[in-house]
Number of protein chains: 2
Amino acid sequence: MKKKGVLIVISGFSGVGKGTVVKKLVEKYDYRLSVSATTRAPRPGEIDGKDYHFKTVEEFENLIDYNGFIEWAQYVENYYGTPRKFVEEELEQGHNVILEIEVQGAMHIKEQYPDAVLIFITAPNALTLKERLEGRGTEDIKVIRKRLKRAYEETDDMSHYDYLVVNDDLDACVDEVHAVIQAENFKTSKNKDYITNIKEELAQIRKEI
Amino acid sequence: MKKKGVLIVISGFSGVGKGTVVKKLVEKYDYRLSVSATTRAPRPGEIDGKDYHFKTVEEFENLIDYNGFIEWAQYVENYYGTPRKFVEEELEQGHNVILEIEVQGAMHIKEQYPDAVLIFITAPNALTLKERLEGRGTEDIKVIRKRLKRAYEETDDMSHYDYLVVNDDLDACVDEVHAVIQAENFKTSKNKDYITNIKEELAQIRKEI
């Protein structure tokens, strides 16, 4: 059943731990993680090509002109984009590719790749989400308020995702996201060639015995 | 996320090992297996209530009249049916219920329960299927021909199933079927209450901080 890979889009509320889920998924299973390009300056410790592909504004805008991104956006002063070449080549080779992107980017992906699987990682409930945001200890109350406001707004987009997975226990969440992606590969709609082939093979075998 | 269970219909070619897959699934994970009712005589070793619910023709026909089956059929001289009460009660309690039934029965289930998940277990290819049928060693060539003819006919119905899972390695197949069913529970369409709730909770929390 050789076929194209699955394009997987992972989003989730701020504080829900989606970065950790994605990291574990890639460590544990055979997924290809898309690395975004950006024009923002690298932070201490960030590695070019691993955390981001760091680009100048000129380079980035040139790539936009040449259709080099499957989606891109501008936040504050910086550009962020998903490189087209990596994603399309990996899918063509039958690999499953993960994008960790924002809700708006996810909606753009779904328009261009209707077969993409959109997964929203969420918390067991709102109180847990608030506690996780507070527990980071690095954010003041204003930042927490802003993130909760954004989470509230994002609930309107949750219904556009194919799957919701609760991150309560990290390992369970990772396995559940993996199960969701596996299931995608077994959909009959993705295995029409298999049906055609086995029907022909059965016709042939019936002639021979 | 308390919700109704998933109704799972498992079918597959004769010789593909679907009975063993179902048995392992029930042993390994928390599924409820529906036991069919039949009017055929018990075979040596078969236990009433475990292998089948054995009924007289009068009892069975009375149950048909009282809508006691979610699907039933007559093969040769015998009736076979899926008891309604067990299935509906278990689903209501949030349990995932497995039915191992024929293709025609599966189509009847899908009409009545559009949310049912239909899984077709298949072999890697037609040659493997033929070898497994021969490998049983108990069937003569006429029986094998008949089963291959039926498999050929069943390929027309495969596209009505939601998922195709290949039984190449038994343990892998069991885990794959489990993944497919798990994924069903995470569909956004099955978690609308969760979205409504977390939106309300977030609105409340934002008022409080």
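Heads up: the structure comes first, above all this text.
Cut-offs and rules
- Residues numbered from 1 in each chain as written.
- Chains lettered and ligands numbered in written order.
- Predicted model: local features only at pLDDT ≥ 70, side-chain atom pairs only at ≥ 80, totals over all residues.
- Heavy atoms only, no water.
- Helix = DSSP H or I, 4+ residues; strand = E, 2+ residues; numbered from the N terminus.
- Contact = heavy atoms within 4.5 Å.
- Areas by Shrake-Rupley, 256 points an atom, 1.4 Å probe, with all protein chains shown as cover.
- Lys, Arg positive; Asp, Glu negative; His and termini not counted.
- Charge placed at Lys NZ, Arg CZ, Asp CG, Glu CD.
- Expected span 1.5 Å × (residues − 1).
- Buried < 20%, exposed > 50% of the residue type's maximum accessible area, 1.4 Å probe, protein only.
- Polar contact = N/O pair within 3.5 Å; in protein donor to acceptor, adjacent residues only side chain to side chain.
- Axes fitted to C-alpha atoms, helices over the stretch in contact; angles between N-to-C directions.
- Parallel < 35°, antiparallel > 145°, perpendicular 65-115°, else oblique.
- Left-handed = near helix turned anticlockwise from the far one by under 90°.
- Nonpolar A, V, L, I, M, F, W, Y, C, P; charged D, E, K, R; others polar.
- Salt bridge = Lys/Arg side-chain N within 4 Å of Asp/Glu carboxyl O.

Caption draft 1: Fine view of the overall build of chain A. Across its full length, chain A holds eight helices and nine strands. Dimensions of chain A, computed from C-alpha atoms along their principal axes, come out at roughly 75 × 45 × 30 Å. By sequence separation, contacts in chain A at least 24 residues apart represent 66% of the contacts at least 6 residues apart. Working note: accessible area of chain A is about 10900 Å², and carbon and sulfur atoms make up 48% of it. Treating the 30 positive side-chain charges of chain A as one cloud and the 38 negative ones as another, the clouds have centres 2 Å apart.

Caption draft 2: Spatial organisation of helix α7 (residues 170–186) of chain A. Residue and element names in this part refer to chain A. Helix length check: α7, at 17 residues, gives a terminal C-alpha distance of 25 Å against a target of 24 Å (1.5 Å per residue), a fit within 8%. Within α7, 12 of the 17 residues are buried, leaving the element largely enclosed by the surrounding structure. Regarding α7, the residues found buried are Cys173, Val174, Glu176, Val177, His178, Ala179, Val180, Ile181, Ala183, Glu184, Asn185 and Phe186. Capping the start of α7 is the job of one residue whose side-chain oxygen sits 3.4 Å from the backbone nitrogen of Asp171: Asp169.

Caption draft 3: Geometry of the packing of helix α8 (residues 192–208) of chain A against helix α6 (residues 141–158) of chain B. Between α8(A) and α6(B), the least distance of the axes is 9 Å, while the angle of their chain directions is 160°. Taken as axis vectors, α8(A) and α6(B) run roughly antiparallel relative to one another. Remark: the crossing between α8(A) and α6(B) carries left-handed chirality. Taking contact as the criterion, the partners of A:Tyr194, A:Ile195, A:Ile198, A:Lys199, A:Leu202, A:Ala203, A:Ile205 and A:Arg206 in α8(A) are, on α6(B), B:Leu148, B:Lys149, B:Ala151, B:Tyr152, B:Thr155, B:Asp156 and B:Met158. Considering only residue class, the contact of α8(A) with α6(B) consists of 10 nonpolar, one polar and four charged.

Caption draft 4: Expanded view of the pattern of salt bridges. Residues and elements named next belong to chain A. Using the criterion set out here, one finds 30 salt bridges over all chains in the structure. The salt bridge involving Arg32 is made with Glu90; its shortest N-O contact spans 3.4 Å. Of this pair, Arg32 sits in strand β2 (residues 31–33) while Glu90 is found in helix α3 (residues 84–92), placing the two residues 58 residues apart along the sequence. Here Arg32 falls in the partly exposed class, since its relative accessible area comes to 25%. With a closest N to O distance of 3.5 Å, Glu89 and Lys85 form a salt bridge. Of this pair, Glu89 and Lys85 both sit in helix α3, four residues apart, roughly one helical turn. Given a relative accessible area of 61%, Lys85 falls into the exposed group. Three or more residues joined by partner-sharing salt bridges are found here, namely Asp30, Arg32 and Glu90.

By themselves, these figures tell us nothing about what the structure is for.
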